[in-house]
Amino acid sequence: MNVLVFNGWAAGPEVWALCEFPHDWVFDYVEQLDGLPEKVMEESEEVVLVGFSMGGSTALRMLLKYPEKVKGLVLISTTPCMMEERRDQGSGIRDQVLWRGMSERRLAALHLGTQMMFKDDPSPMYREDNMQRGLDYLRNTDLRDSLLSFRRGRGRSPSAPLPVRIFQSERDGIVRATNVAFLKQVFPQAKVTMVPGNEHVLPVTVPELIDEAVFEIMGTYSGKSKPLARS
């Protein structure tokens, strides 16, 4: 069985340095935008998907596209829709919040902070054109309807429930903790771990919990997939 790891926007591989579970492939966000996960999924047989932040969205997309190949799902600081949704009440009445997420102002602040921190880093992850592509993904991707359709179809399936683990900070300012309720609606079998504090990068702060989740899922299955060939 292969473990595919999907990183967050502008996050480097060092995010996973403290995690001990096997990483058959770690996809940065540029590779995710370029369609590399789909190519790897096509040649895979059985996979466990581990997604952090934007990478959690990619993991969900892979599940929707290749449900028969996915044998486990670990979602870390993940939401199906990154941006907030408001309804204009008009007549000076404050907007009604329909979905808790990032505002455009917070997204711009995240962009600026990343630019300042990595301005001298030559990695493709920090090229302005790629960062803008990633921001567009965060701004425009909404998987809620697709996931609810998946849930309705999966509910009629006689197969055993997909093992799902969800990790979320209680006061994460990027991915709102309240959105876990939606993920539980889609995956009622999911085990949810709410982590105290406001840390977004949970693979760094609670790697032992993530290791435990991945190894637990891997232990559920005795079959092994062929090793992936890296190109």
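Being a predicted model, the structure only gives us computed values, none of them experimental.

Draft legend 1. Expanded view of the overall build of the protein. Each helix and strand in the protein was counted, giving 9 helices and 8 strands. With respect to the principal axes defined by its C-alpha atoms, the protein has extents near 60 × 45 × 30 Å. For the protein, with 231 residues in total, the buried portion stands at 48%. Excluding contacts between residues fewer than 6 apart, the proportion of contacts in the protein whose partners are at least 24 apart in sequence is 70%.

Draft legend 2. Expanded view of empty space enclosed by the protein. Across all of its chains, the model carries 1 cavity of 30 Å³ or more by this definition. Considering only enclosed or pocket space, the largest cavity measures out at about 50 Å³ in volume. Around the largest cavity, the lining residues are S53, M54, S57, T79, P80, C81, M82, Y137, L138 and T141. Those elements giving two or more residues to the lining of the largest cavity turn out to be α3 (54–65) and α5 (128–140). Residues of the lining of the largest cavity, tallied by class, amount to 6 nonpolar, 4 polar and no charged.

Draft legend 3. Fine view of the confidence of the model for the protein. Residue-level pLDDT values for the protein average 91, and 90% of them are 70 or greater. Segment residues 222–231 is flagged for pLDDT under 50; beyond a separation of four residues in sequence, or across chains, it makes 23 contacts in the model.

Draft legend 4. Highlighting the packing of helix α2 (residues 36–43) against α3. Interaxial distance between α2 and α3 falls to 11 Å at its minimum, and their mutual angle equals 40 degrees. Taken together, the axis directions place α2 and α3 in an arrangement best described as oblique. Classified by chirality, the crossing of α3 by α2 is right-handed. Contact with α2, carried on its side by P37, E38 and M41, involves T58, R61, M62 and K65 of α3 and no other residues of that element.

Draft legend 5. Region of the structure containing the pattern of salt bridges. Tallied over the full model, the rule gives 11 salt bridges. For D34, the salt bridge goes to R133, with nearest N and O atoms at 2.7 Å. A residue pair is termed long-range when its members are at least 10 positions apart, and D34 in the loop between α1 (29–33) and α2 and R133 in helix α5 qualify at 99 residues. For R133, a relative accessible area of 32% translates into the label partly exposed. Its salt-bridge partner being E104, residue R139 comes within 2.9 Å of it at the nearest N-O pair. Here R139, found in helix α5, pairs with E104, found in helix α4 (residues 104–117); they are 35 residues apart in sequence, far enough to count as distant. Looking at R139, the relative accessible area reads 30%, which means it is partly exposed. Within this structure, E85, D142 and R144 form a network of salt bridges that share partners.

Draft legend 6. Representation of the layout of surface pockets. There is about 330 Å³ of room inside the largest pocket. Together, 19 residues line the largest pocket, and W9, A10, A11, H200 and V201 are the ones closest to its centre. Tallied by class, residues from the lining of the largest pocket come to 14 nonpolar, 4 polar and 1 charged.

Draft legend 7. Quick peek at the packing of aromatic side chains. Throughout the structure, instances matching the rule amount to 8 aromatic pairs. Note on W9 and Y29: the rings are 6.3 Å apart at their centroids and 50 degrees apart in plane angle, and the pair reads as tilted. A residue pair is termed long-range when its members are at least 10 positions apart, and W9 in the loop between β1 (2–6) and β2 (25–27) and Y29 in helix α1 qualify at 20 residues. Each of the two residues, W9 as well as Y29, counts as buried. Among the aromatic residues, ring-to-ring pairing joins F6, W25 and F27 into one connected group. Against the face of W99 rests R144, its NZ or CZ located 4.6 Å from the ring centre.

Thresholds, definitions, all that
- Residues numbered from 1 in each chain as written.
- Predicted model: local features only at pLDDT ≥ 70, side-chain atom pairs only at ≥ 80, totals over all residues.
- Heavy atoms only, no water.
- Helix = DSSP H or I, 4+ residues; strand = E, 2+ residues; numbered from the N terminus.
- Buried < 20%, exposed > 50% of the residue type's maximum accessible area, 1.4 Å probe, protein only.
- Contact = heavy atoms within 4.5 Å.
- 1 Å grid on protein atoms, 1.4 Å probe; cavity = no way out; pocket = protein on both sides within 12 Å on 5 of 7 lines; lining within 4 Å.
- Points joined across faces, edges and corners; volume = space filled by probe spheres on them.
- Nonpolar A, V, L, I, M, F, W, Y, C, P; charged D, E, K, R; others polar.
- pLDDT = per-residue confidence, 0-100.
- Axes fitted to C-alpha atoms, helices over the stretch in contact; angles between N-to-C directions.
- Parallel < 35°, antiparallel > 145°, perpendicular 65-115°, else oblique.
- Left-handed = near helix turned anticlockwise from the far one by under 90°.
- Salt bridge = Lys/Arg side-chain N within 4 Å of Asp/Glu carboxyl O.
- Phe/Tyr/Trp six-rings, centres within 6.5 Å; stacked < 30°, edge-to-face > 60°.
- Lys NZ or Arg CZ within 6 Å of the ring centre and 35° of its normal.

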